[in-house]
Amino acid sequence: CALGRSGGESRDGRTSEWCGARWDKVGTPRWEFARMGTGPAHALLTLGKSPGESVEPWHFAQIPISLPMERGFLQTFVLPPDSELYDWLQIYPLMIATVGLLLAIASGVIADRWNGLPPVHVCLSASIGLATVCGLWGFIMSLNQGMSHIAIGIVFGRVLPSSILCAAIAFQGPWFMRGLWCHSILGILLPSAVGIWLHGLLNGLTLDLRAVSTFLIAILVSCARRWTFWRTDKLLGEDQAKYDQLW
């Protein structure tokens, strides 16, 4: 009878009918944290939920695993997730980034009146760098707990794009726009790739709002630079024409 499972009808990925019965999937041995986290994103997480329905900060991952086939063998999986790991990945980076953004705004507003605050780019790069360090510590904790899928998601979904953005803001110069574009593109593509690996094509596609915001900023800055170069070339051409006429 079990051989007929391949021809079963799947309704929503969690419920299927085969062997004359309905089967409900209640969980998987692997999990990951919810990509939106908590705080301001709680409204998005609870969108469409009834007031009495709870929203967990984690969900099951749909990645293939190998289970033992021996009779009487018991393999345990620890749930719920480690709260300390959740803090290092979801709470501390947001707190550090928020403080750095507020310091950058304060530095830009009162820089002419008081020189006690560091420059704007230093505040931004330092906050992003510290948030990246939190992600690295979460990566180490994930590996120590044997959760390699979470470690891979941390590296490719957070640490790598954030490191590129931190370096681009810190060093500035001609590599700033390249780093901005690289961060935005990787920040959009890599989390979706990791999500598809964890949850499949239908449920794995995700959109990082921070990467999208950086992508829009990169577009605006690039267009503004192109317009400025065009205006400069036009003014230089007019000056050259007047100079040739007077000569």
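Here is what the cut-offs are and how they apply
Numbering of residues begins from 1 in every chain and follows the order in which that chain's sequence is written. Given that the model is predicted, a residue must reach a pLDDT of at least 70 before its local features are reported, and side-chain atom pairs must reach 80 or more before they are shown or counted; all residues, however, enter totals for whole chains, interfaces and linings. Side-chain measures here rest on the full set of heavy atoms in the structure, leaving out hydrogens and waters. Helix and strand assignments follow DSSP, with helices taken as H or I runs no shorter than four residues and strands as E runs no shorter than two, numbered in order from the N terminus. Only protein chains enter the calculation, and the probe is 1.4 Å; a residue is then buried if its accessible area is under 20% of its type maximum, exposed if over 50%, and partly exposed in between. Every residue pair with non-hydrogen atoms within 4.5 Å of one another is taken to be in contact. Each residue after the first adds 1.5 Å to the expected span of a helix. Whether two aromatic rings pair depends on their centres lying within 6.5 Å, for rings of Phe, Tyr and Trp, where Trp uses its six-membered ring; planes under 30 degrees apart make the pair stacked, over 60 edge-to-face, and the rest tilted. In plain words, nonpolar cores are sets of buried Ala, Val, Leu, Ile, Met, Phe, Trp, Tyr and Cys residues tied together by side-chain atoms within 4.5 Å. Residue-level confidence of the predictor is what pLDDT reports, using numbers from 0 through 100. Any two strands between which DSSP finds at least two bridges are classified as paired.

**Looking at the overall build of the protein**
So, step 1. Check the secondary structure of the protein and you find six helices and five strands.
So, step 2. Counting helices and strands in the order they occur from the N terminus, the protein gives β-β-β-β-α-β-α-α-α-α-α.
So, step 3. The burial tally for the protein puts 28% of its 247 residues in the buried class.
So, step 4. Long-range pairs, those at least 24 residues apart, make up 61% of the contacts in the protein with a sequence separation of at least 6.

**Things to note about helix α6 (residues 209–246)**
So, step 1. Counted at 1.5 Å a residue, the expected span for α6 with its 38 residues is 56 Å, and the 55 Å between its end C-alpha atoms agrees.
So, step 2. All buried positions along α6 are accounted for by Ala-211, Thr-214, Ala-218 and Ser-222.

**Comments concerning the packing of aromatic side chains**
So, step 1. If you walk through the whole model with that rule in mind, you get three aromatic pairs.
So, step 2. When the ring of Trp-88 is compared with that of Tyr-92, the centres are 5.0 Å apart and the planes differ by 85°; the resulting orientation is edge-to-face. In this pair, Trp-88 and Tyr-92 are both assigned in helix α2 (residues 83–110), four residues apart and thus about one turn of the helix distant.
So, step 3. Every member of this aromatic cluster is reached through a ring pair, and the members are Trp-88, Tyr-92 and Trp-137.

**Things to note about the nonpolar core**
So, step 1. By size, the foremost hydrophobic cluster in this structure holds twelve residues: Trp-31, Phe-33, Trp-58, Phe-60, Leu-85, Tyr-86, Leu-89, Met-141, Met-147, Ile-150, Ile-154 and Val-159.
So, step 2. Among the elements of the structure, β4 (31–33), β5 (58–60), α2 and α4 (148–171) are those that each provide at least two residues to this core.
So, step 3. Counting seven residues, the second largest nonpolar core, distinct from the first, contains Ile-128, Cys-166, Met-177 and Ala-218.

**Some points on the confidence of the model for the protein**
So, step 1. Mean pLDDT over the protein stands at 77; residues scoring 70 or higher make up 80%.
So, step 2. Of all helices and strands in the protein, the one with the weakest mean pLDDT is helix α1 (residues 42–45) (43), whereas helix α3 (residues 120–144) scores best (89).
So, step 3. Here residues 3–12 is a poorly scored stretch, pLDDT under 50, and it has eleven contacts once near neighbours within four places are set aside; other chains count.
So, step 4. A low-confidence stretch, residues 36–53 stays under pLDDT 50, and its non-local contacts, those more than four residues away or across chains, total eleven contacts.

**Structural notes on the side chain of His-149**
So, step 1. Structurally, His-149 can be placed in helix α4.
So, step 2. Judged by relative accessible area, His-149 falls into the buried class, the value being 4%.
So, step 3. Not counting chain neighbours up to four residues away, the residues in contact with His-149 comprise Arg-30, Trp-31, Ile-63, Trp-197 and Leu-198.

**Looking at the pairing of strand β3 (residues 21–24)**
So, step 1. Where strand β2 (residues 15–18) and β3 come together, four bridges link them in antiparallel fashion. Note that in β3 the partner of Thr-15 across the bridge is Asp-24.
So, step 2. In textbook terms, the turn of a hairpin is the stretch between consecutive antiparallel strands, and for β2 and β3 this stretch comprises two residues, one of which, Cys-19, has a positive phi near 60°.

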